[in-house]
Amino acid sequence: MPWCGTAVRLPRYSSGLRRIVFILAACPAWAAPLDFPAARRMVEAHCGKCHTGRSAVGGFDASRLESPASLSLQPRKWQSAMNRLREGTMPPRNVPGPSLEDRDLLAAWIGGTLKAAACADGITPAPFLVRRLNRSEYSATLRDLLNIHINAGHALPAEGAGGEGFDNAAETLFLSPIHAEKFLEAAKLAVGYAMRDTRSRAVFMTAAPGQDLSDDDAARKILEAFVPQAFRRPVRPGEVEKFLGLYRGQRVKGGGFDDAVGFALQAVLISPSFLFRLEEANPAPEPRLADSHAMASRLSYFLWGSTPDKELITLAEAGKLQDDEVLGKQVARLLKDNKAIEFAERFVEQWLNTRELGRDIKPDGKLFPEYYNAEIQGAIKYEPVIFFQEILAQDLPLETFLDASFTISTDKLQRFYGLPPVKDLRQQPKRVDLPANSHRGGILGMAAVLAVSSYPHRTSPVLRGKWVLDALLGTPPPPPPPNVPELAENVHGAAPRTLRERLSEHRRNPVCAGCHERMDPIGFGLENYDVLGRWRTEDAGQPVDAVGVLPDGTRFAGPEELKRVLLARKGQFARNLASKMMGYALGRGLTMEDHCAIDAIMEQLEKDGYRAQSLVRGIVLSVPFRYQAGTRAGAPAARQGARAPAARQGARAPAAP
Amino acid sequence: MSRFLISRRTLLRGAGVGLGLPWLEAMTPRARAAESPAPKRLCALYMPNGVHPGLWTPETEGPGFNLSPALEPLADLKSELMVLTNLWNAGSVGGDGHYVKISGFLTCTTVTKTLGVDVSCNGVSMDQVAARRVGAETPFPSLELAVAPVTTGVDRNVGYTRVYGSHVSWSGPTSPLAKEINPRSVFERLFRAAQPGGAASSGDKLLLDSVIDDARALRKTLGAQDRLRVDEYLSVVRGLEQRIERASRPERKAWRPRVPVDGARKPEGIPKEYAEHVKLMLDMIALAFETDSTRIATFMFQNEVSNQNFSFVEGVSSGHHTVSHHQKKEDNLRQYQLITRWHVEQYGALLRRLAAMKEGERSVLDSSMVLFGAGIRDGDRHDPHDLPLLVAGRAGGRLAVGQHLKYPKDTPLANLYVSMLDAFGTPVERFADSTGPLPGVLV
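In this numbering scheme, every chain counts its residues from 1 along its sequence in written order. Each chain gets a letter, beginning with A, and each ligand a number, beginning with 1, in the order they are written. With pLDDT at 70 or above as the cut-off, local features in this predicted model cover only qualifying residues; side-chain atom pairs require 80 or more to be listed or tallied, and sums for whole chains, interfaces and linings still use all residues.

Q: For this particular structure, what's the right way to read the overall build of chain A?
A: Helix and strand labels come from DSSP, where a helix needs a run of H or I of at least four residues and a strand needs a run of E of at least two; each type is numbered from the N terminus. The helix and strand tally for chain A stands at 27 helices and 10 strands. Buried residues in chain A amount to 53% of all 657 residues. Buried residues are those with 20 or more other C-beta atoms within 10 Å of their own C-beta, exposed residues have 12 or fewer, and partly exposed residues lie in between; C-beta atoms are placed from the backbone.

Q: How do you make sense of the overall build of chain B when you look at a structure like this?
A: Check the secondary structure of chain B and you find 11 helices and 13 strands. Atoms considered for the radius of gyration are the C-alpha atoms alone. The globule rule reads 2.2 Å times the number of residues to the power 0.38. Taken against the 2.2 N^0.38 rule, which gives 22 Å for 443 residues, the C-alpha radius of gyration of chain B at 22 Å falls within 12% of a compact globule. In terms of overall dimensions, chain B has C-alpha extents of about 70 × 60 × 45 Å along its principal axes. Counting all 443 residues of chain B, 58% fall into the buried class. Placing a C-beta atom from the backbone of each residue, one calls two residues in contact when those atoms lie within 7 Å. Partitioning the intrachain contacts of chain B with sequence separation of at least 6 by distance along the chain shows that 68% fall at a separation of at least 24.

Q: Please clarify how the environment of Phe299 of chain B should be interpreted in this entry.
A: All names here are of chain B. Among the secondary structure elements, Phe299 is positioned in strand E8 (residues 296-300). A sequence separation of 253 residues divides Phe299 from Tyr46, and the C-alpha atoms of the two residues are 6.1 Å apart. Ignoring sequence-local partners within four residues, the contact set of Phe299 consists of Leu45, Tyr46, Leu145, Ala146, Met281, Leu282 and Ile285.

Q: Help me understand the interface of chain A and chain B, please; the structure alone is not making it clear to me.
A: Frequently, the measure chosen for interface size is the accessible area that the parts lose on association. In this complex, chain A contributes 60 residues to the contact, which on the side of chain B involves 63 residues. Elements with a minimum of two residues in the side of chain A that touches chain B: helix H6 (177-196), helix H9 (239-252), helix H10 (257-269) and helix H11 (272-275) of chain A. If you tally residues by element for the side of chain A that touches chain B, the top one is H6 of chain A, at six residues.

Q: Please clarify how the confidence of the model for chain B should be interpreted in this entry.
A: Residue and element names in this part refer to chain B. Looking at chain B as a whole, its pLDDT mean stands at 88, while 91% of the residues score no less than 70. This stretch, residues 1-31, has a pLDDT under 50; its non-local contacts, to residues over four places away or in other chains, come to 18 contacts. Confidence estimates for the predicted assembly give a pTM of 0.87 and an ipTM of 0.86. Residue-level confidence of the predictor is what pLDDT reports, using numbers from 0 through 100.

Q: Would you mind going over the sheet that holds strand E1 (residues 41-46) of chain B with me for this structure?
A: Residues and elements named next belong to chain B. With mixed pairing, seven strands are arranged side by side in an open sheet as E3-E8-E1-E11-E12-E2-E13. Both outer strands of the open sheet, strand E3 (143-146) and strand E13 (403-412), are each paired with one neighbouring strand and no more. Each strand of the sheet is rotated relative to its neighbour by a mean of 15 degrees, with strand direction disregarded. Pairing between strand E11 (residues 368-373) and strand E12 (residues 389-392): four bridges, direction antiparallel. Pairing of Gly373 across the sheet is with Leu389, part of E12. Pairing between strands requires that DSSP locate at least two bridges from one strand to the other. Inter-axis angles, ranging from 0 to 180 degrees, are taken between N-to-C directions of lines fitted to C-alpha atoms, where helices are fitted over the stretch in contact.

Q: Can you help me understand H10 of chain A in this one?
A: Given 3.6 residues per helical turn, the α-helix brings residues three or four places apart onto the same face. All names here are of chain A. By this rule, a helix spans an expected 1.5 Å times one less than how many residues it contains. The first and last C-alpha atoms of H10 sit 18 Å apart over 13 residues, in line with the 18 Å expected at 1.5 Å per residue. Within H10, 10 of the 13 residues are buried, which leaves it mostly tucked inside the rest of the structure. Of the residues making up H10, those classed as buried are Ala260, Val261, Gly262, Phe263, Ala264, Leu265, Gln266, Ala267, Val268 and Leu269.

Q: What should I look at first to understand unusual backbone geometry in this one?
A: When glycine is set aside, most residues are seen to have a negative phi, and most peptide bonds are trans. If you check the backbone angles, Ala540 of chain A has positive phi at about 50 degrees while not being a glycine. Inspection of the secondary structure puts Ala540 of chain A in the loop between strand E6 (538-539) and strand E7 (542-543). Overall, the presence of 9 C-beta atoms within 10 Å leaves Ala540 of chain A in the exposed class. Even without being a glycine, His382 of chain B presents a positive backbone phi close to 60 degrees. If you trace the backbone, His382 of chain B turns up in the loop between E11 and E12.

Q: Explanation requested: the packing of helix H19 (residues 461-472) of chain A against helix H21 (residues 510-524) of chain A in the structure shown.
A: In helix packing, the relevant descriptors are the interaxial angle and the interaxial distance, both defined with respect to the helix axes. All names here are of chain A. With their axes 7 Å apart at the nearest point, H19 and H21 run at an angle of 105 degrees to one another. In terms of axis orientation, H19 runs roughly perpendicular to H21. Note on element contacts: H21 touches H19 through His516, Arg518, Met519, Asp520, Pro521, Ile522, Gly523 and Phe524, opposite Pro461, Val462, Leu463, Arg464, Gly465, Lys466, Val468 and Leu469. Following the grouping adopted for this structure description, the nonpolar residues are Ala, Val, Leu, Ile, Met, Phe, Trp, Tyr, Cys and Pro, the charged ones are Asp, Glu, Lys and Arg, and the polar ones are all others, Gly among them. For the contact of H19 with H21, the residue count by class is nine nonpolar, three polar and four charged. Any angle that is under 35 degrees is reported as roughly parallel, and any over 145 degrees as roughly antiparallel; angles of 65 to 115 degrees are reported as roughly perpendicular and all others as oblique.

Q: When you look at the nonpolar core in this model, what are you seeing that I'm missing?
A: Connectivity within a nonpolar core runs through C-beta atoms within 7 Å, and the core itself is a set of buried Ala, Val, Leu, Ile, Met, Phe, Trp, Tyr and Cys residues. Within the largest apolar cluster, 192 residues are counted, with the highest numbers of intra-cluster contacts made by Ala190, Phe243, Ala264 and Val268 of chain A. It is helix H4 (residues 100-119) of chain A that provides the largest number of residues to this core, a total of 11 residues. When neighbours within four sequence positions are excluded, Val268 of chain A is seen to be in contact with Phe226, Val227, Ala230, Phe243 and Phe274 of chain A. Counting residues in hydrophobic clusters, the runner-up holds 107 residues, among them Met126, Ala131, Leu177 and Ile296 of chain B.

Q: Looking at this structure, how should I read helix H23 (residues 570-586) of chain A?
A: All names here are of chain A. Taking 1.5 Å of rise per residue, 17 residues should cover 24 Å, and H23 covers 24 Å from first to last C-alpha, within 8% of that figure. A large share of H23 lies buried, amounting to 14 of its 17 residues. Gly587 lies just past H23 and shows a positive phi near 65 degrees.

Q: Help me out: how do you make sense of the packing of H6 of chain A against H10 of chain A in this one?
A: Residue and element names in this part refer to chain A. In contact at an axis separation of 9 Å, H6 and H10 are set at 140 degrees when each is read in the N-to-C sense. Taken together, H6 and H10 sit at an angle that is classed as oblique. Where H6 crosses over H10, the handedness of that crossing is right-handed. On the side of H6, the interface is formed by Ala187, Lys188, Ala190, Val191 and Met195, while H10 contributes Asp258, Gly262, Leu265, Gln266 and Leu269. Looking at the contact of H6 with H10 residue by residue, the class counts come to six nonpolar, two polar and two charged. In a left-handed crossing the near helix is turned counterclockwise from the far helix by less than a right angle, and in a right-handed crossing that turn is clockwise.

Q: Sorry if this is basic, but what is going on with the environment of Gly97 of chain A here?
A: Residue and element names in this part refer to chain A. Inspection of the secondary structure assignment puts Gly97 in the loop between helix H3 (75-87) and H4. For Gly97, a count of 18 C-beta atoms within 10 Å translates into the label partly exposed. Along the backbone, Gly97 and Pro75 are 22 residues apart, and their C-alpha atoms lie at a distance of 23 Å. In this view, Gly97 contacts His46 and Pro91; residues no more than four positions away in its chain are not counted.

Q: How should I be thinking about the confidence of the model for chain A in this particular structure?
A: Any region with low pLDDT has predicted coordinates that should not be read closely. Residue and element names in this part refer to chain A. On average, chain A scores 87 in pLDDT, and the residues at 70 or more come to 89%. Confidence, expressed as mean pLDDT per element, reaches its minimum in chain A at helix H27 (residues 646-651) with 37 and its maximum at helix H18 (residues 447-452) with 98. Note that pLDDT drops below 50 for residues 639-657; the model gives that stretch 48 contacts with residues more than four away or on any other chain.

Q: What am I meant to see in the environment of Val544 of chain A here?
A: Residue and element names in this part refer to chain A. With respect to the helices, strands and loops of the structure, Val544 is situated in the loop between E7 and strand E8 (547-549). For Val544 and Ala116, which are 428 residues apart along the polypeptide, the C-alpha to C-alpha distance reads 46 Å. Ignoring any residue separated from it by four or fewer positions in sequence, one finds Val544 in contact with Glu527, Asn528, Arg536, Thr537, Glu538 and Asp539.

Q: So what exactly am I meant to see when it comes to the pairing of E1 of chain B here?
A: A regular strand carries its side chains on alternate faces of the sheet. Residue and element names in this part refer to chain B. For E1, a buried count of six out of six residues is recorded, marking the element as mostly surrounded by other parts of the structure. Residues of E1 alternate between two faces, with Arg41, Cys43 and Leu45 on one and Leu42, Ala44 and Tyr46 on the opposite face, all of them buried. In the sheet, E1 pairs with E8 via five bridges, with the strands oriented parallel. Bridge pairing in E8 places Leu45 opposite Phe299.

Right under this line is the structure:
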């Protein structure tokens, strides 16, 4: 395993730390993890001078490191030490510090040791955070509830991201005054549209006044069906009555049946019970399995970005969504459904940062006019998204992301990539088998990824290398130091000619070298792709030099060999993907306990040959995903250690105190 | 609000007693007479990535200052302009090179370092301090406009959520205000608000009341943490309800636009070209000020760390953030300066638009205060020392424009905000790390 830290049993420390969002440091992929004596030596050498004894700076005494368990004496301080080591802000810049490699190793040792302590006696689920629907969830939910085909949430402000980098993170779903206005408008728009559309009406106007049914009873029937769907739970006493009151009020004022029902529906759609994902609080001290209705929502917002469908609701009503086998089957069903495109699009575009393509990151229109074609833009945008969806739906191994014999293409994209035409392939993106030597297959050969890690006017080995380290391996390099010094002037005063020569200046400067030695070679391996990801063998009249040498001496030339290097680290890739997906599934930043659950998922994943659905199933069956925290902080949901596969932890539910 | 009432009476008296009620009725749904006292307006434009450090500061001080190369586009506006030198934002030192700088630009505080879980700017932005006091007098307490949506993702490189890089306005420590980026939708809001009764239907109030009922009932079933979230919603819904209530007051007390909004001027939507987009958004601010739909606006030219491509500017071939890391290379600095000047030109264009909007003897610019600035000075250094800052407009005669004011090194930026809030008519004792008003700013 490329992850660092020794597994030791530590006394449990205060549960406070469990709640802190925890960024686990991965080991640099090319180094062996530290053992305790080595870690202690490093701490003594680099921290001891200031952080010793009673007058230790910042109240952090690093000298009391007698065993790994010593970390639990001041876990928060150690976590902060870990973060500052990784960022390069501690030891302070003005004193000689450890090498970048050593920083990462030590940070990873601290993280691993803290995590081992947290995992030692079971996993405590973090509390479910109430969150409003984000913009895309809102639109998809209205689409499914009312069977409308307009984007009802288009006027809502866009959301930022938190946690693992997704816009469904509860912590960053803020509310501004403008939301009240926009939600009101959107509800009117959606209901107005739905009322005029016969296909929509068939879905939600479930009753019509007639000989045997008074207007009032018809309205009641409609609301009795609609309110629980909209609120994603059974109605509470008086709820339908309240909305019926609004209907009646409109009728008294002379409104027609449709208008009055529509008015009541608008009220439902701006109610906090609709706009917020709420779960009834768990009054018990111990964690419990989330109830079936909560699970229906957790599942459908994870895999569809939308409200539960009839089948999920039926299962929830029968209380079946606490059963492992049922959940497993539902995962497979949801992933095969077309609505899984919502998950694919939201997840992939934020994981790979390709959402910014065409937003903040736009290829230069003068230099790359080929990009400014709606069909090409669409094909480029959806290639990684549908590729991801295909891997999930077909349950392919996760390494397919790195290397595949197919891609998702259109007729225009084939031409754009210089690939042969495919029979019956038109504007609609489809799975296409790749010929030999296509230079495609896998995320790294996709235009969206290559463009989003380029400058508008030229490629950047630095940005591409950083992108691979961050998005694929989960080891983002630390930021450049503030006040980056000037690059050493060329002795002869002549400007270096090629990009590679200019970047080698970077790596001659010791302040820059540590990180650039990691980033630049990876980026060089991708230099055969231009800003838009098209294959090239020459750049500005010079032959492309796509050779990269990693700090450990691994040498590769071109993307095919770079892929081999990454495939050799598929465990690290898979773990990073698992963390991202867990963050997306939970809609929040990950805690140390969540990483314990990921450990278990990784074990199962390895046994299952890294099948994609095994990852999704592992997340769905994990303690953090399916449990509700109790009132007693730190109470674990499952008694066995974190080593047990997540699936089996879930099977022990409900957790016995 | 009573101020308007008096002024209308004055107006009627002036117009003679012979005027009958029918005339009044005919006039009321339309614009408020432009002769009523001009309200003060406050606007802040934020530019990412700093400026070319050597070409920003004018060489000479005082009223007769010489425009620096970066400020040349403002030559015709020199008498309306105040250049401020040596102010800094102590709160935004450290942290990282960008996120801390932008989110603290109008708050003068240090934001909490986080990927999201405990987002806090630890303060309130100065525009929102003003909005709290006068926001209720106009349909919109404030407008937050931009051309780019919030940047996706978290920056694990430096450990900040990009939420920080995308907001300058904070109504509270944990409330970054969402931005409007579609000029058409801003226009529609302004247009609707200008209709009698704010174009709100009687049903709207019922709907909002129903939400408030729901939220109250719901609170009881929730834990303390969850209740806070629902309360947030409750409070924004209440805000809207109050606004609708104010709009549906009896005619005499209701707000009306100072000039009518011409529905035919509705923008199409988000234009493809960045420059056109910026122009339209600034037009919306001008329109909002002219109609008195709001008195407070902020605008972000881009999110921080933006690498907006400026190749549409003659002589520029690169992205903003890229050239801002100029490494003292001549070509980078040349492009950096061109981009800075482009921003200054847009600022000038807004000022000219406001100056062309007449309000009796004066112009909208005369009663406005338009701040322009960045959260760092030099893109190579990421330092919040000697920030590039301009203020234009006279705030109804309160601001001593037409000079270059040079302060002792590292004078708090917050002091400028103290003076601006005073000029705006919403004085504060202190603001963040202020040590007092900034001498020379007020008349």
